[in-house]
Amino acid sequence: MTHRLSVAHLTAITLPPDELIEAAGAAGFDGVGLRLQRVTEDSPGYPLWEDPAGLRAAHAALRATGVAVRDIEFIKITPETDVTALDALLDVGAELGAAQLITAPYDDDHGRLADKLGALSERARLHGIGVVLEFFPWTSVPDLTACWNVVQNAGPAVGILADALHFDRSNSSLGLLAALPPERLPFAHLCDAPRLPSYDTSQLLHTAREARLAPGEGEIDLHSFLRALPPTIDLALEVPTSRTFNCSDAIGWLRRLRGATMRLLSDCETLRVI
């Protein structure tokens, strides 16, 4: 079971892109995801198309470390979203070598959502970037089944981003996850968390944004989740906490996450052989 490992920006969101890249490289990761657009009021985004110095610093860090930009995030698709207005983000993503753009479903009209997702996918493809839709239990696309329905209607090139936390919180189907075409699952988010009998929206949001655990340190059935994914899928560690990091602090945290992930993957491989 071989996976490329990257760090999602939310894991250390207080670091600007160049420092995240440096910390990820020092911790042994080969990729990062970059949050190029602010998506909540209380967490930053880094619109590098408006920051030439920041963009140059990110390029320098990529060259120095050999780390790759695996994804950029994320676009909330709402009734008002104009996909033609996203070229600056796509241009910078392409310049950085990003493979995927993460989108989020914030339109209750799933036909319109699929149409905009498909249009964005076509536009992103011109920049060499794929598009994935991530599902969230607090939205109108709360689980894998709903996400698969939207993605199929959006076109053959649109993928799904399965996040271990959201997958678990939504009681999504492992059988469906295992049955999906591998090309629809270019990468997955990995983390852990405690489990409760039920969750309200505030609990879902709090855990998702600042209270996740390293893989293997919670109660999510990550072994089953990983076994249902394609065997060599890229994995991005998205493990946000309430901590504020500087670059040197982040290296230790990311090394711990990578070590926990490698132990989990080794356990999964042993169980698969047995």
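Above this text sits the structure in question.
Right, let's walk through the structure included here. Every value quoted in this text rests on a predicted model; they were computed, and no experiment measured them.

Rules and cut-offs
- Residues numbered from 1 in each chain as written.
- Predicted model: local features only at pLDDT ≥ 70, side-chain atom pairs only at ≥ 80, totals over all residues.
- Heavy atoms only, no water.
- Phe/Tyr/Trp six-rings, centres within 6.5 Å; stacked < 30°, edge-to-face > 60°.
- Helix = DSSP H or I, 4+ residues; strand = E, 2+ residues; numbered from the N terminus.
- Lys NZ or Arg CZ within 6 Å of the ring centre and 35° of its normal.
- Salt bridge = Lys/Arg side-chain N within 4 Å of Asp/Glu carboxyl O.
- Buried < 20%, exposed > 50% of the residue type's maximum accessible area, 1.4 Å probe, protein only.
- Axes fitted to C-alpha atoms, helices over the stretch in contact; angles between N-to-C directions.
- Parallel < 35°, antiparallel > 145°, perpendicular 65-115°, else oblique.
- Left-handed = near helix turned anticlockwise from the far one by under 90°.
- Contact = heavy atoms within 4.5 Å.
- Pairing = 2+ DSSP bridges.

### Topic: the packing of aromatic side chains
Part 1: The full count for this structure, using the stated rule, is four aromatic pairs.
Part 2: When the ring of Phe-167 is compared with that of Phe-225, the centres are 5.4 Å apart and the planes differ by 55 degrees; the resulting orientation is tilted. Taken as a pair, Phe-167 in helix H6 (residues 164-169) and Phe-225 in helix H9 (residues 222-228) lie far apart in primary sequence, 58 residues in all.
Part 3: Site record: aromatic cluster; members linked through ring pairs are Phe-74, Phe-136 and Trp-138.
Part 4: Note that Lys-76 overlies the ring of Tyr-106, its terminal NZ or CZ placed 4.9 Å from the centroid.

### Some thoughts on the pattern of salt bridges
Part 1: Applying the stated criterion across every chain yields a total of 10 salt bridges.
Part 2: The closest approach of N and O atoms between Asp-107 and Arg-112, which form a salt bridge, is 2.7 Å.
Part 3: Among the residues examined, Arg-112 registers a relative accessible area of 35% and is labelled partly exposed.
Part 4: When the shortest N-O distance is used, the salt bridge between Arg-195 and Asp-168 registers 2.8 Å. Here Arg-195, found in the loop between strand S7 (187-190) and helix H8 (201-210), pairs with Asp-168, found in helix H6; they are 27 residues apart in sequence, far enough to count as distant.

### Quick notes on the packing of helix H2 (residues 52-65) against helix H3 (residues 87-96)
Part 1: Across the interface, H2 lies against H3 with an axial gap of 11 Å and an inter-helix angle of 25 degrees. As far as their axial angle goes, H3 and H2 are roughly parallel. For the crossing formed where H2 meets H3, the hand is right-handed. Mapping the contact onto sequence places Leu-55, Ala-58, His-59 and Leu-62 in H2 and Val-92, Glu-95 and Leu-96 in H3.

### Observations concerning the environment of Ser-198
Part 1: With respect to the helices and strands, the residue Ser-198 is situated in the loop between S7 and H8.
Part 2: Judged by its relative accessible area of 52%, Ser-198 is exposed.
Part 3: When the C-alpha atoms of Ser-198 and Arg-169 are compared, they prove to be 8.4 Å apart, with 29 residues separating the residues in sequence.

### Focus on the environment of Val-239
Part 1: Counting through the fold element by element, Val-239 comes out in the loop between strand S8 (234-237) and helix H10 (247-273).
Part 2: Among the residues examined, Val-239 registers a relative accessible area of 0% and is labelled buried.
Part 3: Put simply, Val-239 and Arg-258 are 19 residues apart on the chain and 11 Å apart in space, counted from C-alpha to C-alpha.

### Quick notes on the sheet that holds strand S5 (residues 130-134)
Strand pairs in the sheet, formed through backbone hydrogen bonds, run parallel or antiparallel to each other.
Part 1: One closed barrel holds the eight strands; their spatial order is S1-S2-S3-S4-S5-S6-S7-S8, and the pairing between them is parallel. On average, each strand axis in the sheet is inclined to that of its neighbour by 30 degrees, with strand direction left out of account.
Part 2: One ladder, built from five bridges, connects strand S2 (residues 31-35) with strand S3 (residues 68-77); its direction is parallel. Within S3, the position partnered with Gly-31 by the bridge is Ala-68.
Part 3: The strands that helix H5 (residues 144-154) touches are S5 and strand S6 (158-163); relative to S6, the one it contacts most, it runs at about 165 degrees.

### Quick word on the environment of Glu-183
Part 1: Within the fold, Glu-183 resides in the loop between helix H7 (174-179) and S7.
Part 2: When its relative accessible area of 61% is taken as the criterion, Glu-183 is described as exposed.
Part 3: When the C-alpha positions of Glu-183 and Gly-159 are compared, they lie 7.4 Å apart, and in sequence the two are 24 residues distant.

### Details of the pairing of S6
Part 1: Counting buried positions over the six residues of S6 gives six, a clear majority of the element.
Part 2: Burial along S6 is two-sided: Val-158, Ile-160 and Ala-162 facing one way and Gly-159, Leu-161 and Asp-163 facing the other are all buried.
Part 3: Bridge count for S5 against S6 is four bridges, and the pairing is parallel. In the sheet register, Val-131 faces S6, and the bridge partner there is Val-158.

Everything listed here is a matter of coordinates, which is why it stays silent on function.
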